[in-house]
Amino acid sequence: MNSEGFRNFFDRSSTVIERALSQTHAYDIMVDYSGSAGDTDNTSTDYKEIMSPVAKFQDDKYTKNRALTSVDWHPKHKELVLGSYFARTGDNVSPEAEGLILVWSIATQHRPEYVFTCQSGVTCAIFDPYSAHRIVGGTYSGQIVLWDTRQKSTPVQKSPQSGGGHSHPVYSMAIVGSLNAHSLVTASTDGRVCVWKLGEFTAPLETVELRTVGHDGRQLRDVSPTAIAFPDTEVNRFWVGAEDGAVYAASRQGQDKIIKKHQDTHFGPYYRDAHTP
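As a starting point, this report considers the structure included with it.

What counts and how
- Residues numbered from 1 in each chain as written.
- Predicted model: local features only at pLDDT ≥ 70, side-chain atom pairs only at ≥ 80, totals over all residues.
- Heavy atoms only, no water.
- Helix = DSSP H or I, 4+ residues; strand = E, 2+ residues; numbered from the N terminus.
- Buried < 20%, exposed > 50% of the residue type's maximum accessible area, 1.4 Å probe, protein only.
- Contact = heavy atoms within 4.5 Å.
- Areas by Shrake-Rupley, 256 points an atom, 1.4 Å probe, with all protein chains shown as cover.
- Polar contact = N/O pair within 3.5 Å; in protein donor to acceptor, adjacent residues only side chain to side chain.
- Phe/Tyr/Trp six-rings, centres within 6.5 Å; stacked < 30°, edge-to-face > 60°.
- Salt bridge = Lys/Arg side-chain N within 4 Å of Asp/Glu carboxyl O.
- Pairing = 2+ DSSP bridges.
- Axes fitted to C-alpha atoms, helices over the stretch in contact; angles between N-to-C directions.

Across its full length, the protein chain holds 2 helices and 18 strands. Out of the 277 residues belonging to the protein chain, those deemed buried represent 43%. Partitioning the contacts of the protein chain with sequence separation of at least 6, the portion at a separation of at least 24 is 47%. Surface exposure of the protein chain reaches about 15200 Å², of which carbon and sulfur atoms provide 51%.

Here it is as structure tokens:
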């Protein structure tokens with residue numbers, strides 16, 4: 001009973017029983033979310049599209065006094081959602097104290113399925129749609145981190161705090177491309193958009209410095225992006241929302257890196273944007 005194999009079996013079995021006891025939705029309680037068991041795709045299940053509250057994910061052990069900074073649905077298991085969390089407030093800690101990633105299931109709303117840690121507050125996070133066992137996050141320190149649901153709770157990779165990456169908080173990211181050719185794009189308030197090869201965070205593949213024409217129509221000024229979005233199937237053109245509340249159109253390619261202000265729509269920082277499918 002003290003063997004590692006038995007403990008793994010017991011943990012797995014107790015999780016399945018807990019899901020079954022709290023089951024109120026049509027989800028597969030036997031599924032292995034880590035992906036290590038070679039689960040088949042269960043996307044054929046019909047889910048009702050209802051605009052009504054269905055879940056409240058809370059576990060004071062992890063979530064009390066923490067700000068939720070982003071959410072993302074699992075690309076395969078539609079009952080799973082991740083939340084990224086900042087450091088606790090009221091504990092006399094700096095903003096760079098430990099952050100968390102919690103992966104929740106509709107079937108077990110009182111505790112997370114997975115808990116991942118980070119030495120810096122996590123400002124955004126997404127599932128990798130092409131390798132669903134991987135989670136990518138941006139941090140308050142500017143580092144990019146990677147977790148694997150098949151591994152331990154600490155990051156399996158992270159970018160250095162020097163070497164051409166970000167030096168300010170990373171508030172938004174996107175994975176663009178196709179199954180065989182995709183990359184991670186991150187945006188930070190340091191005025192940079194960086195492109196990374198997933199799994200190799202030593203240095204970005206390319207960096208775009210975002211600048212725009214100032215109010216006088218001549219002098220250039222920096223743009224501090226807080227949100228980034230690409231149209232479907234697009235890997236070059238993108239939109240950014242910024243700290244000044246404006247939306248800008250930009251491009252990864254071409255010699256002209258001066259971005260165009262599209263609209264002054266907000267009076268404060270602009271933290272999320274998205275394109276319709």
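Here we take up the side chain of Asp148. In this fold, Asp148 is placed in strand S7 (residues 144-148). In this structure the side chain of Asp148 is engaged in a polar contact, spanning 3.4 Å, whose partner is the side chain of His133. Polar side-chain contacts of Asp148 include one of 2.8 Å to the backbone nitrogen of Arg150. Excluding residues within four positions of it along the chain, Asp148 makes contact with Phe116, His133 and Val156.

Right, let's talk about unusual backbone geometry for a bit. The phi angle at Asn65 is positive, at roughly 65°, despite the residue not being glycine. Here Asn65 shows up in the loop between helix H2 (60-63) and strand S1 (66-73). The class of Asn65 is partly exposed, set by a relative accessible area of 42%. Even without glycine at this site, Thr233 takes up a positive phi of about 70°.

The next subject is the packing of aromatic side chains. On inspection of all chains with the given rule, the structure shows 5 aromatic pairs. Arranged with centres 5.6 Å apart and planes meeting at 35°, the rings of Phe57 and Trp104 form a pair that is tilted. Note that Phe57 is positioned in the loop between helix H1 (4-21) and H2 and Trp104 in strand S3 (residues 99-105), a separation of 47 residues in sequence. For Phe57, a relative accessible area of 24% translates into the label partly exposed. Ring centres 5.3 Å apart and planes at 40° place the aromatic pair Phe230 and Phe238 in the tilted group. Of the two residues examined, Phe230 and Phe238, each falls in the buried class.

Here Gln143 shows up in the loop between strand S6 (134-139) and S7. Note on Gln143: relative accessible area 14%, which makes it buried. Separated by 15 residues in the primary sequence, Gln143 and Lys158 place their C-alpha atoms 6.6 Å from one another. What Gln143 contacts, discounting residues up to four positions off in sequence, is Gly137, Gly138, Lys158, Ser159, Pro160 and Gln161. Only 2.7 Å separates the side chain of Gln143 from the backbone oxygen of Ser159, close enough to count as a polar contact.

Another point: the pattern of salt bridges. Across all of its chains, the model carries 6 salt bridges by this definition. Measuring nitrogen to oxygen at the nearest pair gives 2.9 Å for the salt bridge that ties Arg150 to Asp148. Relative accessible area serves as the criterion here: at 7%, Asp148 is assigned to the buried category. The salt bridge involving Glu200 is made with Lys197; its shortest N-O contact spans 3.6 Å. Take Glu200: its relative accessible area is 46%, and that puts it in the partly exposed class.

With that out of the way, let us pick up the sheet that holds strand S8 (residues 157-158). Pairing between sheet strands relies on hydrogen bonds along the backbone, with the strands arranged either parallel or antiparallel. Spatially, 4 strands are ordered S5-S6-S7-S8 in an open sheet, and the strand pairing comes out antiparallel. This sheet does not close on itself; its edge strands, each paired only once, are strand S5 (122-127) and S8. Looking at chain direction, S5 and S6 are connected through 5 bridges and run antiparallel. Across the sheet, Ala125 pairs through a bridge with Gly137, a residue of S6.

Across the 6 residues of S5, 6 count as buried, placing the element largely inside the fold. Connecting S5 to the antiparallel partner S6 that follows it, the hairpin turn spans 6 residues.

With that out of the way, let us pick up the environment of Ala174. Note on placement: Ala174 falls in strand S9 (residues 170-177). Remark: the alpha-carbon pair of Ala174 and Ala125, spanning 49 residues in sequence, is separated by 9.4 Å.

Spatial strand order, S1-S2-S3-S4: 4 strands in an open sheet with antiparallel pairing. With one partner strand each, in any of the chains shown, S1 and strand S4 (114-118) form the two edges of the open sheet. Between one strand axis and the next, the sheet turns through 20° on average, direction left out of account. Where S3 lies against S4, 5 bridges are found, and the strand directions are antiparallel. What sits directly across from Ile101, in S4, is Phe116.

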